[in-house]
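Breakdown of the fold
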Amino acid sequence: MAVQTESSVKDSLDLLARKWKIDPKLYDLQTGRRDDVVDTPINVGGVVFHIPTLSKDRLHVLWKCLWPDCHNCCERQGRLPLTKDDIGRIAKKVGYDSNSEFVRNETRISSWQEQAAFGNVITTLSMISLKRKMDEREEDDGTPLRCRFLDEQGFCGIHPDKPGVCWLYPFASWLEADARKQPVVHATFQFTGDCPGFYLDKSIDSMMPVLQEYSGKIYSYNMAVSRTTRENYGFVNLIDLRRG
Ligand code: SF4
Ligand code: SF4
């Protein structure tokens, strides 16, 4: 998740509220006005999902995608970092025989920092990113833009070969070592203020099918990012805040 200021999330939510009804409790949560948010961790298929819970109301924050009625994440896409697998797949999809020519023409380098809401890790990343518009400039990095692959009906022109990050949204995920120093995949929501799919419920049950579906996607994505950095297609630097 890109480090975002509360005011940029508020601006995005205010824009979203012109079209979608946003629950005031969810508005306050996303703009940092709730002081009772606790983490409810749940392990689904080996991925630890951190579900935010409003403790005063005893309500969990859950999510369901509203596509095709909504395609706001593609209308307001901040950046599209690519794994090595993404590069090979999308290069072919958009008609390149050579990955390096695809990288030269269709991508640029993005660098940014992430800190997940319940994570203990600040991550600095530099990755090859798919251009959201052909004349994308360095200063556009992190700024919401309509993605060039989104058509008028809300379909993605490179689906199902779209980047892993598009499959993951609105989750953010990261790897953290457990007590036995084994890497564990964690995930939580990234609140960019652009998604109307969040809702509140006393029980997590209604979201279990979504968590099961995303657990596989999130696990594979983390493995793909590891391969990407191992093979020097990207750079990820982790700072573990627990180590002072
Ligand atoms: S913004 Fe949220 S609800 Fe809308 S398409 Fe994207 S993930 Fe689905
Ligand atoms: S690549 Fe497809 S899914 Fe991803 S932002 Fe663009 S239109 Fe949306």
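This report concerns the structure included in the present document. Predicted model only: the values in this text are computed from it and were never measured.

Overview of the site of ligand 2
Near ligand 2 the following residues occur: C74, Q77, C147, F149, L150, C156, I158, K162, P163 and C166. The site holding ligand 2 turns out to be the second largest pocket. Residues belonging to the shell around ligand 2 are distributed by class as follows: eight nonpolar, one polar and one charged.

Comments concerning the environment of E231
For E231, the location among the structural elements is in the loop between α7 (208-230) and β9 (234-240). Along the sequence, E231 and K84 sit 147 residues apart, while their C-alpha atoms lie 8.4 Å from each other.

Regarding the pairing of strand β6 (residues 171-177)
Burial within β6 is extensive, with five of its seven residues counted as buried. The pairing of β6 with strand β7 (residues 183-189) spans seven bridges and is classified as antiparallel. Bridging from a neighbouring strand, W174 pairs with H186 of β7. The turn joining β6 and β7, which pair antiparallel and follow one another in sequence, is formed by five residues; a positive phi near 65 degrees is taken by K181.

A few points about the side chain of S110
Secondary-structure assignment places S110 in strand β4 (residues 107-115). Within the local environment of S110, its side chain forms a polar contact with the side chain of S129, the two groups lying 2.7 Å apart.

Section: the site of ligand 1
Taken together, W63, C65, L66, C70, H71, N72, C73, Y169, D194, C195 and P196 are the residues near ligand 1. Applying the majority rule of atoms within 2 Å of the grid points places ligand 1 in the second largest pocket. Here the residues of the shell around ligand 1 sort into eight nonpolar, two polar and one charged.

Observations regarding the pattern of salt bridges
Under the defined criterion, the tally for this structure stands at 20 salt bridges. A salt bridge links D86 to R89; the shortest N-O distance between them is 2.8 Å. With a gap of three residues between them, D86 and R89 both fall in helix α4 (residues 84-93), about one helical turn apart. Salt bridges sharing partners connect three or more residues here, namely D86, R89, K93 and D161.

Structural notes on unusual backbone geometry
Along the chain, W67 connects to P68 via a cis peptide bond; the corresponding omega equals 10 degrees. Counting through the fold element by element, P68 comes out in the loop between β3 (59-63) and α3 (72-75). The omega torsion across Y169 and P170 is 10 degrees, close enough to zero to call that bond cis. Structurally, P170 can be placed in the loop between α6 (164-168) and β6. At R58, a residue that is not glycine, the phi angle is positive and equals roughly 55 degrees.

Details of the side chain of T53
Within the secondary structure layout, T53 lies in strand β2 (residues 47-54). A polar contact is formed between the side chain of T53 and the backbone oxygen of I51, at a distance of 3.4 Å. Once residues lying within four places of it in the same chain are set aside, the contact partners of T53 are D36, V37, V38, T40, L59 and H60.

Some details on the packing of aromatic side chains
Inspection of the entire model under this criterion finds ten aromatic pairs. Ring geometry for W63 versus F171: centroids 5.8 Å apart, planes at 80 degrees, classification edge-to-face. Taken together, the residues span a long stretch of sequence, with W63 in strand β3 and F171 in strand β6 at a distance of 108 residues. Note on F171: relative accessible area 3%, which makes it buried. The interplanar angle of 70 degrees and the centroid separation of 5.1 Å between the aromatic rings of F189 and F198 together place this pair among those described as edge-to-face. By the burial criterion, F189 is buried, and F198 matches it. Pairwise contacts between aromatic rings join F49, W63, F171, F189, F191, F198 and Y214 into one cluster. The lysine or arginine in question, K162, covers the ring of W167, its NZ or CZ lying 4.3 Å from the ring centre.

Cut-offs applied
Residues numbered from 1 in each chain as written. Chains lettered and ligands numbered in written order. Predicted model: local features only at pLDDT ≥ 70, side-chain atom pairs only at ≥ 80, totals over all residues. Heavy atoms only, no water. Near = heavy atom within 4 Å. 1 Å grid on protein atoms, 1.4 Å probe; cavity = no way out; pocket = protein on both sides within 12 Å on 5 of 7 lines; lining within 4 Å. Sits in = over half its atoms within 2 Å of the grid points. Nonpolar A, V, L, I, M, F, W, Y, C, P; charged D, E, K, R; others polar. Helix = DSSP H or I, 4+ residues; strand = E, 2+ residues; numbered from the N terminus. Buried < 20%, exposed > 50% of the residue type's maximum accessible area, 1.4 Å probe, protein only. Pairing = 2+ DSSP bridges. Polar contact = N/O pair within 3.5 Å; in protein donor to acceptor, adjacent residues only side chain to side chain. Salt bridge = Lys/Arg side-chain N within 4 Å of Asp/Glu carboxyl O. Contact = heavy atoms within 4.5 Å. Phe/Tyr/Trp six-rings, centres within 6.5 Å; stacked < 30°, edge-to-face > 60°. Lys NZ or Arg CZ within 6 Å of the ring centre and 35° of its normal.

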